[in-house]
Amino acid sequence: MKPVKIGILGLGTVGGGTVNVLQRNAAVIRGRAGRDIIITRACAKDLTRQRICDTQGIQLTTDPFEVVNDPDIDIILELMGGQSPAKELVLQAIANGKHVVTANKALIALHGNEIFKKASECGVTVAFEAAVAGGVPIIKAIREGLSGNQIEWLAGIINGTGNFILTEMRDKGRDFSDVLAEAQALGYAEADPTFDVEGIDAGHKLTILASIAFGIPLQFDKVYTEGITGITRDDVEYAEELGYRIKHLGIARKTAVGIELRVHPTLIPERRLIANVDGVKNAVLVYGDAVGPTLYYGAGAGAEPTASAVVADIVDVVRALTSDPENRVPHLAFQPNAIVEQPILSAEQFTTAYYLRLTAEDKPGVLAEVTKILAEHNISIEAIIQKEPQLGFTTLPVIMLTQKTLEKEMNAAIAEIEALSSITGKVSRIRLETLG
Ligand code: NDP
Ligand code: HSE
């Protein structure tokens, strides 16, 4: 059989890793795909830059449109990142009848609905396993492995950089900015690392997972996102005293009134496997009505782990090259006519438990005032720790765990607690999920 020709847009961390894996594992990949796969062209911004891969035999250019317009190329790998010109390049490749493999979650989360429509019209595949959880085949698992289930909820550590930072801060007491710089040097972070630490990257990934799980259109604008920059060492320590770990989670949950889509730091009981997922590793817990809870774990970022997912997509595309476009695996798991809008809940409609940290004056009656406010909002307290005031201070930290409540009630209660004269500063809140 004729070899399949690949054109690569981007030769950075993921592009370079993909070249290495395709070259090193060529024999085993050919055995699985049934055809030879050769990289004929690639592009990068600066051709003088040193690469992590050997580009001998690959025709290089700085113009990505040259690659997508090359009539000899069958599959385009979009590994540049960003929205533009990535979107224009992918649409052009599709219009040219080429299949596309991408690791670009921002592109899929924001423009996937348009891209998949165009791909279906042109009878080509757009594959994006590497866009969520790096090397973990979570998209395939939900889209194909769990296709007999109604997915009730999923919760995942889906940003490697963020988890790496939280782990290093907790285990080694390192500074936030120091660990972020290391994550950037290791190639884990996004071009704009605020995407990692403010929850935007995880929001992009959650958007994709939710569509595949629930059969809804991609809608990043409806995801509630909160980053890890507000987490203090004190919060990490108090959480541990109470038997919890703080993880940055993406959560998608179907409720009777709509779907919760949220990304935020979360307390999780330390006995849960997912609470012990450390470093750049990702893990996604998916609850299907038939199978129950299932957990998927592995490297969430980095050159070769991500390349593993890119190459798996290439193999799928090569296998599908000869199949009828109508019978290919649908992009978002559900057939296009089965994707339906469902209400996405506002943050005030979320139901969750909370960890609260407040700074209270060291005098009688303060706790009673706080608990009265919580009771008036129907919020039950699960645990309270009151710390000793530090030497020379007249205030002390109070840490509380609550039972599940509506976020709207918690917002109102926090506003009233912050208004008490015996409470100093803001109440720090972190959501808590038992993931049972
Ligand atoms: P890099 O910055 O390492 O690589 C980007 C590559 O694209 C570089 O080779 C760059 O050229 C090239 N490039 C960028 N813009 C242009 C342009 N206009 N014309 C030509 N070439 C261009 O990014 P990553 O490899 O880290 O990420 C790529 C994609 O993969 C992103 O969408 C990212 O979100 C996603 N991803 C990344 C993971 C990771 O672990 N890093 C994991 C999973 C997904 P040059 O090298 O000359 O600058
Ligand atoms: N910046 C991303 C992360 C890359 O750290 O998870 C993988 O998607």
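Residues numbered from 1 in each chain as written. Chains lettered and ligands numbered in written order. Predicted model: local features only at pLDDT ≥ 70, side-chain atom pairs only at ≥ 80, totals over all residues. Heavy atoms only, no water.

K.L.:
For this particular structure, what's the right way to read the site of ligand 2?
P.N.:
Lys-105, Asn-159, Gly-160, Thr-161, Tyr-188, Ala-189, Glu-190, Asp-196, Asp-201, Lys-205, Gly-300 and Ala-301 make up every residue found near ligand 2. Asp-196 places a side-chain nitrogen or oxygen 2.7 Å from a nitrogen atom of ligand 2. The separation between an oxygen atom of ligand 2 and a polar side-chain atom of Lys-205 is 2.8 Å. Relative to its unbound accessible surface of 250 Å², ligand 2 loses 94% to contact with the protein. When the residues that make up the shell around ligand 2 are grouped by side-chain class, the tally is three nonpolar, four polar and five charged. (Near = heavy atom within 4 Å. Polar contact = N/O pair within 3.5 Å; in protein donor to acceptor, adjacent residues only side chain to side chain. Areas by Shrake-Rupley, 256 points an atom, 1.4 Å probe, with all protein chains shown as cover. Nonpolar A, V, L, I, M, F, W, Y, C, P; charged D, E, K, R; others polar.)

K.L.:
How should I be thinking about the packing of aromatic side chains in this particular structure?
P.N.:
The relation between two aromatic rings is expressed through the spacing of the ring centres and the mutual angle of the planes. Tallied over the full model, the rule gives four aromatic pairs. The aromatic ring of Phe-128 is capped on one face by Arg-143, whose charged end is 5.8 Å from the ring centroid. Of note, Arg-262 hangs over the ring of Phe-350, and the distance from its end group to the ring centre comes to 5.3 Å. (Phe/Tyr/Trp six-rings, centres within 6.5 Å; stacked < 30°, edge-to-face > 60°. Lys NZ or Arg CZ within 6 Å of the ring centre and 35° of its normal.)

K.L.:
Sorry if this is basic, but what is going on with the packing of helix 13 (residues 366–376) against helix 14 (residues 407–419) here?
P.N.:
Axes are the key here: two packed helices are described by the angle between their axes and the distance separating the axes. Contact geometry of helix 13 with helix 14 gives a least axis separation of 9 Å together with a crossing angle of 155°. Between helix 13 and helix 14, the angle is such that the two are roughly antiparallel. Helix 14 is crossed by helix 13, and the crossing has right-handed handedness. Residue-level contacts link Val-370, Ile-373, Leu-374 and Glu-376 of helix 13 to Ala-413, Glu-416 and Ile-417 of helix 14. Residue classes in the contact of helix 13 with helix 14 are distributed as five nonpolar, no polar and two charged. (Axes fitted to C-alpha atoms, helices over the stretch in contact; angles between N-to-C directions. Helix = DSSP H or I, 4+ residues; strand = E, 2+ residues; numbered from the N terminus. Parallel < 35°, antiparallel > 145°, perpendicular 65-115°, else oblique. Left-handed = near helix turned anticlockwise from the far one by under 90°. Contact = heavy atoms within 4.5 Å.)

K.L.:
Whenever I open this one, the pairing of strand 7 (residues 151–157) confuses me. Can you help?
P.N.:
A regular strand places its side chains so that they alternate between the two faces of the sheet. Counted residue by residue, strand 7 has six buried out of seven residues, so it is predominantly covered. Relative to strand 11 (residues 281–288), strand 7 runs antiparallel, the two being bridged by six bridges. By the bridge assignment, Ile-157 is partnered in strand 11 with Ala-283. In this sheet, strand 9 (residues 244–254) lies alongside strand 7 in antiparallel orientation, the contact comprising four bridges. Along strand 9, the bridge assignment pairs Leu-154 with Ala-252. (Buried < 20%, exposed > 50% of the residue type's maximum accessible area, 1.4 Å probe, protein only. Pairing = 2+ DSSP bridges.)

K.L.:
I keep staring at the domain arrangement of the protein and nothing clicks. Help me out?
P.N.:
Interface size is often expressed as the accessible area that is lost when the parts come together. Partitioning the protein into structural domains gives domain 1 (4–135 + 303–338), domain 2 (138–298) and domain 3 (350–432). For domain 1 and domain 2, the distance between their C-alpha centres works out to 25 Å. Where domain 1 packs against domain 2, one counts three salt bridges. The shortest N-O distance in the salt bridge between Lys-140 and Asp-316 comes to 2.8 Å. Linking domain 1 with domain 2 are eight residue pairs in polar contact (both at pLDDT 80 or more), by the criterion used here. It is helix 5 (residues 105–122) that contributes the most residues to the side of domain 1 that touches domain 2, eight residues altogether. (Domains from an automatic or database assignment. Salt bridge = Lys/Arg side-chain N within 4 Å of Asp/Glu carboxyl O.)

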